[in-house]
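Structure at a glance
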Amino acid sequence: MTTVRGSANTRRVVSALGAAALYGTWAFHANHGHGLGRAGRAALTQVCTSFLLTVLVVSVVEALFRVPERAWARVALSTAGAVLVTMAVTVTAHTLAGTPELLRTVALSFTLGTALNLGYALNLLRLLARPRR
């Protein structure tokens, strides 16, 4: 089993807090034209979803990263898995919450989230390559 230096739990929590703040703010902005109540509900849905989903997605990336042998496959599999989980959970949560601007609300988490998940996987690759002290 391959191990990566640093605390996975710390990476999960820091990533989750940042995602909750960023995407919750965006969800409020994306839905503010539908009134404070609906925008607030969309923001709260996104804050909760982002925090929980980020913890889950970071766990998915960490787990899938360890499956393949080749570096490019590690990055590709872990990023693809993270994107699929993010899409399924986010769209489902906002559909259930009745978010009026669904596509606009989730667009940032898909685009930026994909880039961040790719960056996360690349950072794991970097940490793996560093010599142990």
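Relevant structure appears above.
These remarks concern the structure in this document.

Once that is clear, we can look at the environment of Ala42. You can see Ala42 is positioned in helix 2 (residues 36–65). Sequence spacing of Ala42 and Ala93 is 51 residues, and the spatial spacing of their C-alpha atoms is 9.7 Å. In this structure, Ala42 is in contact with Ala27, Asn31, His94 and Thr99, ignoring residues within four places of it in sequence.

A few words on the side chain of Thr99. Considering the arrangement of structural elements, one finds Thr99 in the loop between helix 3 (71–97) and helix 4 (102–129). Residue classification places Thr99 among the buried residues on the basis of a relative accessible area of 9%. A polar contact is formed between the side chain of Thr99 and the side chain of His94, at a distance of 2.6 Å. Dropping the residues within four chain positions of it, Thr99 is found in contact with Asn31, Ala42, His94 and Thr105.

This part is about the packing of helix 2 against helix 4. Where helix 2 contacts helix 4, the axes come no closer than 11 Å and their chain directions differ by 35°. Once helix 2 is placed against helix 4, the crossing between them reads as right-handed. Along its contact with helix 2, which presents Gln46, Val57, Val58, Val61, Glu62 and Phe65, the element helix 4 presents Thr105, Ser109, Asn117, Tyr120, Ala121, Leu124, Leu125 and Leu128.

Now for the packing of aromatic side chains. Evaluation of the coordinates by the stated rule reveals zero aromatic pairs. Over the face of the ring belonging to Phe65 we find Arg74, whose NZ or CZ atom lies 5.1 Å from the ring centre.

Below, the discussion takes up a nonpolar patch on the surface. Side chains of Val13, Leu17, Phe51 and Leu52 sit close together on the surface and give an oily, nonpolar patch of about 370 Å² of accessible area. Those elements that provide at least two residues to the nonpolar patch are helix 1 (8–31) and helix 2. Relative to the helices and strands, Leu52 is located in helix 2. Judged by relative accessible area, Leu52 falls into the exposed class, the value being 60%.

The next point concerns helix 4. Helix length check: helix 4 (28 residues) gives 40 Å between terminal C-alpha atoms against 40 Å at 1.5 Å per residue, within 8%. Of all the bends found along helix 4, the most pronounced is centred on Gly113 and spans about 30°. Buried positions along helix 4 lie against helix 1, helix 2 and helix 3.

Taken as a whole, the largest pocket spans an internal volume of roughly 290 Å³. Lining the largest pocket are 18 residues, with Ala19, Thr54, Gly113, Leu116 and Asn117 positioned closest to its centre. Looking at the lining of the largest pocket, the elements that each hand over two or more residues are helix 1, helix 2, helix 3 and helix 4. Ranked by the residues each element gives to the lining of the largest pocket, the list is headed by helix 2, at seven residues. Tallied by class, residues from the lining of the largest pocket come to eight nonpolar, ten polar and no charged.

Conventions adopted
- Residues numbered from 1 in each chain as written.
- Predicted model: local features only at pLDDT ≥ 70, side-chain atom pairs only at ≥ 80, totals over all residues.
- Heavy atoms only, no water.
- Helix = DSSP H or I, 4+ residues; strand = E, 2+ residues; numbered from the N terminus.
- Contact = heavy atoms within 4.5 Å.
- Buried < 20%, exposed > 50% of the residue type's maximum accessible area, 1.4 Å probe, protein only.
- Polar contact = N/O pair within 3.5 Å; in protein donor to acceptor, adjacent residues only side chain to side chain.
- Axes fitted to C-alpha atoms, helices over the stretch in contact; angles between N-to-C directions.
- Left-handed = near helix turned anticlockwise from the far one by under 90°.
- Phe/Tyr/Trp six-rings, centres within 6.5 Å; stacked < 30°, edge-to-face > 60°.
- Lys NZ or Arg CZ within 6 Å of the ring centre and 35° of its normal.
- Patch = residues over 30% accessible without salt bridge, like charges linked within 9 Å, V, L, I, M, F, W, Y side chains within 5 Å.
- Areas by Shrake-Rupley, 256 points an atom, 1.4 Å probe, with all protein chains shown as cover.
- Salt bridge = Lys/Arg side-chain N within 4 Å of Asp/Glu carboxyl O.
- Expected span 1.5 Å × (residues − 1).
- Bend = angle between axes of the 7 residues up to and from the residue.
- 1 Å grid on protein atoms, 1.4 Å probe; cavity = no way out; pocket = protein on both sides within 12 Å on 5 of 7 lines; lining within 4 Å.
- Points joined across faces, edges and corners; volume = space filled by probe spheres on them.
- Nonpolar A, V, L, I, M, F, W, Y, C, P; charged D, E, K, R; others polar.

Note that every value here comes from positions in space, so none of it alone points to a role or purpose.
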